[in-house]
Amino acid sequence: MTIHVVVADDQELVRSGFAMILDAQPDIEVVAEAGDGRAAVEAVRRLAPEVALLDIRMPGTDGIEACRTISAETGCRTVMLTTFDSDEYVYEALHAGASGFLLKDVRRDDLVHAVRVVAAGDSLLAPSVARRLIAEYTSRPPATAVAPSARLDVLTTREHETLLHLARGLSNAEIAAALVVSEHTVKTHVGNVLSKLGLRDRIQAVICAYECGVVTPSPEGGPVSSSSPAQGRRPPSGKPPLGGSGRAR
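Here is what the cut-offs are and how they apply
- Residues numbered from 1 in each chain as written.
- Predicted model: local features only at pLDDT ≥ 70, side-chain atom pairs only at ≥ 80, totals over all residues.
- Heavy atoms only, no water.
- Helix = DSSP H or I, 4+ residues; strand = E, 2+ residues; numbered from the N terminus.
- Buried < 20%, exposed > 50% of the residue type's maximum accessible area, 1.4 Å probe, protein only.
- Contact = heavy atoms within 4.5 Å.
- Areas by Shrake-Rupley, 256 points an atom, 1.4 Å probe, with all protein chains shown as cover.
- Core = buried A, V, L, I, M, F, W, Y, C linked by side-chain atoms within 4.5 Å.
- Axes fitted to C-alpha atoms, helices over the stretch in contact; angles between N-to-C directions.
- Parallel < 35°, antiparallel > 145°, perpendicular 65-115°, else oblique.
- Nonpolar A, V, L, I, M, F, W, Y, C, P; charged D, E, K, R; others polar.
- Disulfide = S-S within 2.5 Å.
- Pairing = 2+ DSSP bridges.
- Right-handed = clockwise from strand over helix to strand, strands pointing away.

### Section: the overall build of the protein chain
Here's step 1: Across its full length, the protein chain holds 11 helices and 8 strands.
Here's step 2: A total of 249 residues make up the protein chain; the buried ones form 51% of that total.
Here's step 3: If you take every contact in the protein chain between residues at least 6 apart in sequence, the share linking residues at least 24 apart comes to 69%.
Here's step 4: With an accessible surface of roughly 11000 Å², the protein chain has 50% of that area assigned to carbon and sulfur atoms.

Written out as structure tokens, the structure is:
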């Protein structure tokens, strides 16, 4: 199966460089390039690609607004490109429906891997983006707090524990070790969590966990459980929240 991609960045050299790298892959085809968010949305509507690679900062319609429109109107999944040290909009991009974040200095192999992961229905964060993202998210209170009982009662105890571990950034293998179950069982729990809560992927599960009070930020900036039987349990790997690829299934 060929993965069709739209690449959007207002810097022509950056845009063409990413397009050249992706087009060189036997299973990936760049079907359009765009210099701003509006052109990216039009290309996605017209060509129905599986993935859109969007720069966060573009003139006119920026990457966040383009991501919001694409996520609402199409089945295309979006990967946001960011310099991050100077970007302040990753929080908003998450709520707009982004499925992944990459730094613009991403390595060639990591760029290709990210497109394949997101096209497969998973989510992906560059580790350095993940750490800063959690710190940014937890530093500001949500506009409206949702009581856990109002949304999470549909989850079983095991699914609730799985959501907690997702918010901590554990992989399926690490969740399996923490719950003493098989990875296949964890995949089932993760799928049930996403389905019951109406979430697209693992990234949205993290947002839900923070907004519903399943986890709260610690003084060091990491997550601390607040309403789970698994309270106080540290990730077995000692990894920062969401470190690694953040695969959804």
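Having seen it, we continue.
### Let's talk about helix α8 (residues 157-167)
Here's step 1: For α8, the buried fraction is high: 9 of the 11 residues fall into the buried class.
Here's step 2: Regarding α8, the residues found buried are Glu159, His160, Glu161, Thr162, Leu163, Leu164, His165, Leu166 and Ala167.
Here's step 3: Gly169, located one to two residues past α8, shows a positive phi value of around 85 degrees.

### A few points about the nonpolar core
Here's step 1: Core analysis: the biggest nonpolar cluster contains 26 residues, and Leu54, Ile70, Met80 and Phe101 have the highest contact counts within it.
Here's step 2: Ignoring anything within four residues of it in the chain, the contact list for Ile70 reads Val41, Val44, Ala52, Leu54, Cys76 and Thr78.

### With respect to the packing of helix α9 (residues 172-179) against helix α10 (residues 183-197)
Here's step 1: Their axes nearest at 9 Å, the elements α9 and α10 cross at an angle of 105 degrees. It follows that α9 is roughly perpendicular to α10 by the angle criterion. Along the contact surface, α9 presents Asn172, Ala173, Ile175 and Ala176, while α10 presents Glu183, Val186, Lys187 and Val190.
Here's step 2: Residue classes in the contact of α9 with α10 are distributed as 5 nonpolar, 1 polar and 2 charged.

### So, the state of the cysteines
One covalent bond between the sulfur atoms of two cysteine residues makes up a disulfide.
Here's step 1: The final tally for this structure, using the stated rule, is 0 disulfides.
Here's step 2: Sulfur of Cys76: no disulfide; nearest cysteine sulfur belongs to Cys67 and is 9.2 Å away.
Here's step 3: Left unpaired, Cys212 is separated from the closest cysteine sulfur, that of Cys208, by 3.9 Å.

### Notes on the environment of Arg200
Here's step 1: Within the element layout of this structure, Arg200 appears in the loop between α10 and α11 (202-211).
Here's step 2: Of the residues examined, Arg200 reaches a relative accessible area of 28% and is grouped as partly exposed.
Here's step 3: Apart from residues no more than four positions distant in its own chain, Arg200 is found in contact with Ser71, Cys76, Arg77, Gly97, Ser99 and Leu194.

### Some remarks on the pairing of strand β2 (residues 28-34)
Here's step 1: In this sheet, β2 lies alongside strand β1 (residues 3-8) in parallel orientation, the contact comprising 6 bridges. When the sheet's bridge partners are listed, His4 is paired in β2 with Glu29.
Here's step 2: In terms of handedness, the path from β1 via helix α1 (residues 12-23) over to β2 forms a crossover that is right-handed.

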